[in-house]
Amino acid sequence: MSFTLAIVGRPNVGKSTLFNRLVGKKLALVDDQPGVTRDLREGEARLGDLRFTVIDTAGLEDATDDSLQGRMRRLTERAVDMADVCLFMIDARAGVTPTDLIFAEILRKRSAHVILAANKGEGSAADAGVIEAYSLGLGEPIRLSAEHGEGMNDLFVQLLPVE
Ligand code: GDP
Ligand code: MG
């Protein structure tokens, strides 16, 4: 049995970095620049002996623009509906933001199976944000560093029951 994991969350938290790490190729776009065309991206992921499909979501560069926010919402909903499980990513260095709360609400409304990840988790600058992540009411956050490959074992453990 295989499954589909959708990585969702606001821009710049590190979704594509995790996608690239799971897929092992530069299929997803990683950048700091606003305005790059983005969509849904699918890849075949490997983590330990797990093989699954992973979807990278994107679509919001400017949280103050209503149309972009709508686009982000639609893309996220599409990804959630395609997926068996969602990895909801926040930036542990930034803590929980108002935009994160919008995503949490989308996931709740769609009754998605959610794994919560606090990314950019390397170093003590992330400590407060990891603790804040509990306030989302989505369970215990995985402390991840997608860039440095930390916490991948904890992600693996959370995905085992999905398979
Ligand atoms: P996305 O918009 O959510 O897809 O985010 P990206 O994957 O494009 O990453 C946005 C920025 O965060 C890039 O500069 C990444 O290098 C950086 N980033 C991603 N993961 C980490 C991490 O674990 N730690 C740190 N410090 N930076 C990260
Ligand atoms: Mg991205």
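For the structure itself, look to the data block above.
The paragraphs below set out a description of the structure included in this document. (Residues numbered from 1 in each chain as written. Chains lettered and ligands numbered in written order. Predicted model: local features only at pLDDT ≥ 70, side-chain atom pairs only at ≥ 80, totals over all residues. Heavy atoms only, no water.)

## Some points on the overall build of the protein chain
Then comes step 1: Summing up its helical and strand segments, the protein chain has five helices and six strands in all.
Then comes step 2: Secondary structure elements of the protein chain occur, N-terminal to C-terminal, as β-α-β-β-α-β-α-β-α-β-α.
Then comes step 3: Counting over 163 residues, the protein chain shows a buried share of 51%.
Then comes step 4: Expressed as a percentage of contacts within the protein chain between residues at least 6 apart in sequence, the contacts between residues at least 24 apart total 66%.
Then comes step 5: Summed over all atoms, the accessible surface of the protein chain reaches about 7,900 Å², with 48% contributed by carbon and sulfur. (Helix = DSSP H or I, 4+ residues; strand = E, 2+ residues; numbered from the N terminus. Buried < 20%, exposed > 50% of the residue type's maximum accessible area, 1.4 Å probe, protein only. Contact = heavy atoms within 4.5 Å. Areas by Shrake-Rupley, 256 points an atom, 1.4 Å probe, with all protein chains shown as cover.)

## Overview of the nonpolar core
Then comes step 1: With 26 residues, the main nonpolar core has L18, L22, F52, L155 and L159 as its most contacted residues.
Then comes step 2: Contributions of two or more residues to this core are made by β1 (4-8), α1 (15-23), β2 (41-47), β3 (50-56), β4 (85-91), β5 (114-119) and α5 (152-159).
Then comes step 3: Contacts of F52, omitting those with residues within four sequence positions, involve S2, F3, L5, L22, G43, E44, A45, L47 and L159. (Core = buried A, V, L, I, M, F, W, Y, C linked by side-chain atoms within 4.5 Å.)

## Focus: the pairing of β4
Then comes step 1: Among the seven residues of β4, seven are classified as buried, and the element is accordingly described as predominantly covered.
Then comes step 2: Alternating residues of β4 divide into V85, L87, M89 and D91 and C86, F88 and I90, and every residue in both groups is buried.
Then comes step 3: Note that β1 and β4 share four bridges and pair parallel. Considered in β4, the bridge of A6 is made with C86.
Then comes step 4: Where β4 and β5 come together, six bridges link them in parallel fashion. When the sheet's bridge partners are listed, F88 is paired in β5 with L116.
Then comes step 5: Since β4 and β5 lie parallel, the crossover through helix α3 (residues 98-109) that links them has a hand, and here it is right-handed. (Pairing = 2+ DSSP bridges. Right-handed = clockwise from strand over helix to strand, strands pointing away.)

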